[in-house]
Amino acid sequence: MPRHVLTAVGVGGEPIGQEARDTAPPLALVASYGDLHACDYVTVTQDAAASLYARDPDGIWCLVCAGTDAVTVDEMRLWFDLTHHFPGPGRTAENHPLGRAPAAGAGGSIDAAGAVALVREHIDAHALDYPSRGLEADRFAAGWSVYAPVDIDDSDPMAFLDLPLDRSVFLISDVGRIKEVTTAIPPEQARTLFTAEEAFVRRAPVEESFMNSLKEEFERLDTLSGRPSAIADFTVVSTPPEELIAGRVAALAQETAQQLALLGPAQWQRMTAVFSCAVSAERAGVSFWNHEQPLDVRVPEQVALLVRRQRHLAAAMPAGPWLRILLTITKGADGRAQVATEYDYGDERLTDAHLLAPAHYRNDLAAYPRAGVPAWLTRYAAGRGPRTEHAGAEPSGTRSARAEPPRPEPVDRPFVDSRVAGSALVADRHRVSYGQDTLDWDEVDWVRYPVSRMKHQGFLFPSLYSNNYAFGVGTYGDSPEKLGHISWNNGGKKPRPPEEWLALVDFVQRVVEPRLLAQHLALIRRGGSFTIGEVRVHRDGLTLRGVMDAGWRALTDIEVAHGLVSIHEQGRSQPVRVSLDSPNAVLLPRVVEAMTG
C-alpha cells in the first residue's frame, strides 16, 4: 500500500518532524500535526507527488497546492509565506529566506538619476496627480525610494501639523520595477517587503543556491581559520538541465492557473489569461467565459508575483524570457479542467494593447541578455518605433515617422458623476461618494445591485410598468447608510438601465467582486463562516436553520432569476431562495461553483 509521509517544515523547508501513514491524511489531521510541531507548513508526499498545507495568520490550515513536485512545493511555500506571513511573528527579515536583497544582475544597478527618470515616466504615462519635478532618491537594499520632498517652515513650531499623513512614495528595484506605496505604512516596513518580493522573483535555482551557499561556507571557514584557502577559486560552472528547468516552469504556470481559476464567476466554462511582461512592468488581463459571455477580472498582486517568478525561471532556458504568456483553462463535460500554456517570444511585433513602454524593454534586455533579439524589438526599445518603409535603407538625413502612443485618460477621472434623487453621486477608481457619504472601494465588504419590475394591470387603460434599479455597497462595521441604498426608477415595458447603474455594476464586477470572492473562499476553506441572507456558508456546505443543512456535494444546481438566487439540493423538491437584495448575494453562485468544482 502506498505510504503517505507527513513532514512538518519551517519556512525555509527545514524538516522539523516526520511521520508515515498508510492512508491519505485529512486536513484536520494535517493541521493537528502542524500544530503539534508549532510550524506553519506541512508537506504530504506519496511516491514523487507532493502536496503543501499551510497555516494562515489566523491560525487556520488550508491546502495550498496538491500533487506536484518537491521544488514547486518549495516555491509555493515561499510565495505563501511572503503573501501571508512575512516576516512573521518572532522572525526578522534578516533570518528569513527572502530577507537578503537579490543581486542586481547582468545589467547592474540603476543609479539615482535613472530611478528618478523612471518615476517621471511613470507619473506622465499614468497621468498621476503627483509632482514630477524636484524628486529625490534614497538608496536602500533592493533599489531606490523616490519621493517629492515636503518643505517645512522651521520657524513655525506647529508647521508639522500641516504635513500630509498619506503621501505616495515610489520604490524602484535595481531592474526598474516600480511600486507605489504610501507613507501611512512605515517606510522601513514597505522597503523590507519590497526587498522580499524582489528576492522571491529573482532568487537563483535551487541547485545554484546550494552551490553558492557552499561557497559562502568555505569562505566563512577560511576567514575564521586565518589561513589561506586551499581552494583558489570557487565558481558555479553548471546550471540545471534544460528539461528540468522546463518542467519547473510548466509546474509554476499550472499553479498560477489554479490561483487565477479561484477568481472566476459561477459556472464559467473557459478562462483566458494574458500576461505581457518585461522585468520592470507587466500588463495582465483575465477573462472568464460562460456561453460566450465574457467577464473581465482584475489580477491580484499575489498572482502577479507568481508570474514574475515563473518568467525569471524561464529566462534560464535557451530561448530566454518570453514576452507574453497565454494561459487557458477549459472545463470538459465531466467537470475536469484542462490547462493550456502558450509562450510568445516576440517573433512578431506585439499588439498595441500588449506593448509596454520602450524603457521597460531596455531594462529587460539589460537584465536578461540574449543572443537573438527580434529586429522590431531592437528598434522599439531604442525608441525608433516600427519600420514603415517598404524596401531599402532609410535615406541619409531623414528620420522615420514615429506615431506617438495615445496619452491615457487621467486615472482619477470619475466614471460616474451625476445627481441621483437630489444628491451628488461620484465614483472613480479609488472611491464612491453619495451625498455626504464616502467609501473607498478597498474598504467595501459587501455589494448589492438588484433589479425589480412591477406591472400595474390596466382595465380601461394600457398597463403601466415601473422598474427599480438599486445599488449599494457597505462595510460590516460603521457603514455609510446612504451608500447602501441608491436607486433609479424607469418606466416602460423594455427600459434601458441607467448609465450610472451600469457603470457602477461593471466596476464592482471587475474590481471589487474578485477581491470579495477570494476573501470569502479563503475564510471558509480555513474553517470560518459567513452569512448571506439567512443562509450560513461554511467549509462543509450551506445551512439554513430548520430548513437546510446541505453538504457541497448535495447541491445539484444554483440559478439566478427574477431577483432571487435559487439553490437546489438533492432530494428536495423546492429550492432554498436568497434575495439578490441581500448583501453579497451575487457572490453566492460563484462560491458554490468554487466549492463544488
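Residues numbered from 1 in each chain as written. Predicted model: local features only at pLDDT ≥ 70, side-chain atom pairs only at ≥ 80, totals over all residues. Heavy atoms only, no water.

**Q** How would you summarise unusual backbone geometry if you had to cite specific residues and measurements?
**A** Note that the residue after Phe86, namely Pro87, is joined by a cis bond; omega there is -10°. You can see Pro87 is positioned in the loop between helix H2 (70-84) and helix H3 (112-125). If you check the backbone angles, Asp47 has positive phi at about 60° while not being a glycine. Note on placement: Asp47 falls in the loop between strand E3 (41-46) and strand E4 (49-55). For Asp47, a relative accessible area of 73% corresponds to the exposed category. Here the phi dihedral of Ala421 falls at roughly 50°; this positive angle occurs in a residue that is not glycine. (Helix = DSSP H or I, 4+ residues; strand = E, 2+ residues; numbered from the N terminus. Buried < 20%, exposed > 50% of the residue type's maximum accessible area, 1.4 Å probe, protein only.)

**Q** Tell me what's going on with helix H1 (residues 27-36), and back it up with residues and numbers.
**A** Buried within H1 we find Val30, Ala31, Tyr33 and Gly34. An end-on view of H1 places all buried positions within 160° of arc, on one side of the element. Counted as exposed and oriented over 90 degrees from the buried face of H1: Ala28 and Leu36. Following H1 by one or two positions, Ala38 has its phi on the positive side, about 50°. (Arc of directions from axis to C-beta.)

**Q** Residues and numbers for the packing of H2 against helix H6 (residues 242-261), please.
**A** Interaxial distance between H2 and H6 falls to 10 Å at its minimum, and their mutual angle equals 45°. By the angle between their axes, H2 is oblique relative to H6. Where H2 crosses over H6, the two elements pack in a sense that is right-handed. The residues of H6 that touch H2, namely those facing Val71, Thr72, Glu75, Met76 and Trp79, are Arg248, Ala251, Leu252, Glu255 and Gln259. Here the residues of the contact of H2 with H6 sort into five nonpolar, two polar and three charged. (Axes fitted to C-alpha atoms, helices over the stretch in contact; angles between N-to-C directions. Parallel < 35°, antiparallel > 145°, perpendicular 65-115°, else oblique. Left-handed = near helix turned anticlockwise from the far one by under 90°. Contact = heavy atoms within 4.5 Å. Nonpolar A, V, L, I, M, F, W, Y, C, P; charged D, E, K, R; others polar.)

**Q** I'd like a rundown of the sheet that holds strand E16 (residues 423-427), residues and numbers included.
**A** Reading across the sheet, the four strands line up as E15-E16-E17-E18 and stay open at both edges, with antiparallel pairing between neighbours. The two strands at the open ends of the sheet, each matched to only one other strand, are strand E15 (416-420) and strand E18 (437-440). Shown here is a sheet whose adjacent strand axes are inclined to one another by a mean of 10°, direction ignored. Sheet strands in contact with helix H10 (residues 499-525) are E15, E16 and strand E17 (431-434), and its direction is about 130° off that of E15. (Pairing = 2+ DSSP bridges.)

**Q** A description of the packing of aromatic side chains should follow, citing residues and the corresponding values.
**A** All chains considered together, the criterion is met by nine aromatic pairs. Between Tyr41 and Phe80 the ring centres are 6.2 Å apart and the planes differ by 90°, which places this aromatic pair in the edge-to-face class. Remark: Phe80 occurs in helix H2 and Tyr41 occurs in strand E3; sequence separation between them is 39 residues. No difference in accessibility class separates Tyr41 from Phe80, as the two residues are buried. Both rings, one in Tyr130 and one in Phe170, keep their centres 5.1 Å apart while their planes meet at 90°; by these two values the pair is edge-to-face. Here Tyr130, found in the loop between H3 and strand E6 (136-140), pairs with Phe170, found in strand E8 (residues 168-173); they are 40 residues apart in sequence, far enough to count as distant. Grouping residues by exposure puts Tyr130 and Phe170 together as buried. Three or more aromatic residues link up through ring pairs in this structure, and these residues are Phe415, Trp441 and Phe507. For Arg311, the ring lying beneath its charged end belongs to Trp322, and the centroid distance is 5.6 Å. (Phe/Tyr/Trp six-rings, centres within 6.5 Å; stacked < 30°, edge-to-face > 60°. Lys NZ or Arg CZ within 6 Å of the ring centre and 35° of its normal.)

**Q** Talk me through the pattern of salt bridges; I want residue IDs and the actual numbers.
**A** Applying the stated criterion to the full structure yields 27 salt bridges. Of the charged contacts, one joins Glu301 and Arg308 as a salt bridge, the two residues approaching to 3.0 Å between their closest N and O atoms. Here Asp440 ties to Arg431 by a salt bridge, and the two come within 3.1 Å at their closest N and O atoms. One connected set of salt bridges, linked through shared partners, spans Arg177, Lys179, Glu197, Glu198 and Arg202. (Salt bridge = Lys/Arg side-chain N within 4 Å of Asp/Glu carboxyl O.)

**Q** Describe the environment of Gly12, naming the residues involved and giving the relevant values.
**A** Among the secondary structure elements, Gly12 is positioned in the loop between strand E1 (4-9) and strand E2 (15-21). Sequence-wise, Gly12 and Leu78 are 66 residues apart; in three dimensions their C-alpha atoms are separated by 7.6 Å. Setting aside chain neighbours within four positions, we find Gly12 in contact with Arg77 and Pro97.

**Q** Give me the pairing of E16: which residues, what numbers.
**A** Only one face of E16 is buried: it carries Ser423, Leu425 and Ala427, and the other face, with Ala424 and Val426, is open. Counting the residues that bridge the hairpin from E15 to E16 gives two residues, and of these Ala421 lies at a positive phi of roughly 50°. The pairing of E16 with E17 spans three bridges and is antiparallel. What sits directly across from Val426, in E17, is Ser433.

**Q** Provide a residue-level description of the pairing of strand E5 (residues 61-68), including the pertinent values.
**A** Sheet topology places E4 next to E5; five bridges connect them, and they run antiparallel. The partner of Ala54 across the bridge, within E5, is Cys62.

**Q** I'd like a description of the packing of helix H4 (residues 187-202) against helix H7 (residues 301-314), backed by residues and values.
**A** Relative orientation of the contacting elements H4 and H7 amounts to 40°, with a least axis distance of 7 Å. By the angle class used here, H4 and H7 are oblique. Counted together, Glu197, Phe200, Val201 and Arg202 of H4 and Leu305, Leu306, Arg308, Arg309 and His312 of H7 form the full contact between these two elements. Classifying every residue of the contact of H4 with H7 by side-chain character gives four nonpolar, one polar and four charged.

**Q** Account for the side chain of Arg590, with residues named and values stated.
**A** With respect to the secondary-structure elements, Arg590 resides in helix H11 (residues 588-596). Here Arg590 falls in the buried class, since its relative accessible area comes to 4%. Within the structure, Arg590 has its side chain in polar contact with the side chain of Glu513 (distance 2.5 Å). Once residues lying within four places of it in the same chain are set aside, the contact partners of Arg590 are Leu263, Gly264, Pro265, Ala266, Glu513, Pro514 and Leu517. (Polar contact = N/O pair within 3.5 Å; in protein donor to acceptor, adjacent residues only side chain to side chain.)

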